[in-house]
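Residue-level structural notes
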Amino acid sequence: PVVIHGRGFAPSAEVSLTWTTVTGNRVGGSGWDEQASELTRLQARSDGAFVHALPVPDDLGGPHRIVATVDAATAATTELTITPSVVEFSPARGPVGTEIVINLKGVGWTETANIYHLVYDNGYLGYACGFNSQGDVVIRLPATGTPGWHFIDLYPGIYKGKDVPGVQNFRIPQLTYEADHPGEDLPAFRFAFEVTP
């Protein structure tokens, strides 16, 4: 939940709150663009203030502008940053072959926030992108290994940058993300799955 407070508007003014996001992709060649949509219309109180509560929109990670307009003119702007989070990890145990579902929300769109790398028992499996799905990443993974606990990690990474010959800097797990990720402040995620006999 988020609460937006506004003040300094004309008494009883009709205020439109607009949410901005980025749409497009990095792989199709068509690029991306900023899009705006109205969150709500509300009326300022007699003192020119308003309070509006809403859930954080289900959208890309990163900053989003919220613009207040009155009579089609921008009156105020603020920003809300969405941070990636886990909305599902299930099940927690099962035999080999059990489908593990991991669902992240709020994955970003920039070259430093677009991908999360999947590591299973310290073995790199690949990465998943969040831009094309507006920040919603679903990973379906079959459980493998001997009976017991197995660890699944998701690390932020860098989708693209200037390549240095012979150096693999991009599209690999960034294990030092806390100390030197060059972009957004992003979390890593660690899960434990128990393979049962």
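I will try to describe carefully the structure that is included in this document. What you see is a predicted model, and the numbers here were worked out from it, not measured in a lab.

Thresholds, definitions, all that
- Residues numbered from 1 in each chain as written.
- Predicted model: local features only at pLDDT ≥ 70, side-chain atom pairs only at ≥ 80, totals over all residues.
- Heavy atoms only, no water.
- Core = buried A, V, L, I, M, F, W, Y, C linked by side-chain atoms within 4.5 Å.
- Buried < 20%, exposed > 50% of the residue type's maximum accessible area, 1.4 Å probe, protein only.
- Helix = DSSP H or I, 4+ residues; strand = E, 2+ residues; numbered from the N terminus.
- Contact = heavy atoms within 4.5 Å.
- Salt bridge = Lys/Arg side-chain N within 4 Å of Asp/Glu carboxyl O.
- Pairing = 2+ DSSP bridges.
- Axes fitted to C-alpha atoms, helices over the stretch in contact; angles between N-to-C directions.

1. Some remarks on the nonpolar core
Ranked by size, the top nonpolar core spans 20 residues in total, and within it Ile100, Ile102, Leu104, Tyr116, Ile139, Ile152 and Leu154 carry the most contacts. For this core, the secondary structure elements donating two or more residues are strand E9 (99-105), strand E10 (115-120), strand E12 (137-142), strand E13 (148-156) and strand E14 (189-195). Here this core takes four residues from E14, the largest share from any one element. If we ignore the near neighbours within four places in the chain, the residues touching Ile152 are Phe89, Ile100, Ile102, Leu118, Val119, Tyr120, Leu141, Phe189, Arg190, Phe191 and Phe193. Ranked by size, the runner-up nonpolar core spans 13 residues in total, among them Ile4, Val15, Leu17 and Ile82.

2. Side note on the pattern of salt bridges
Applying the stated rule across the entire model yields nine salt bridges. In this structure, the salt-bridge partner of Arg41 is Glu14, at a minimum N-O distance of 3.0 Å. One end of the pair, Arg41, is in strand E3 (residues 32-43); the other, Glu14, is in strand E2 (residues 14-24), with 27 residues separating them in the sequence. Of the two residues, Arg41 and Glu14, both sit in the exposed class. A salt bridge links Arg45 to Asp47, with the nearest nitrogen and oxygen atoms 3.3 Å apart. By relative accessible area, which is 42% here, Arg45 ends up partly exposed. Salt bridges sharing partners connect three or more residues here, namely Glu14, Glu38 and Arg41.

3. As for the sheet that holds strand E7 (residues 85-90)
The sheet built from three strands is open, its strands ordered E7-E9-E12 with antiparallel pairing. Single-partner strands in this sheet number two, and they are E7 and E12. Direction aside, the axes of adjacent strands within the sheet are offset by 15 degrees on average.

4. Some thoughts on the sheet that holds E2
The four strands are arranged E3-E2-E5-E6 in an open sheet whose pairing can be described as antiparallel. Every other strand in the sheet has two partners, leaving E3 and strand E6 (73-82) as the edge strands with one partner each. Taken over all neighbouring pairs, the strand axes of this sheet differ in orientation by 25 degrees on average, direction set aside. Pairing of strand E5 (residues 62-70) with E6, which is carried by nine bridges, proceeds in the antiparallel orientation. By the bridge assignment, Ala68 is partnered in E6 with Ala76.

Functional significance is not addressed by these values, which are geometric in nature.
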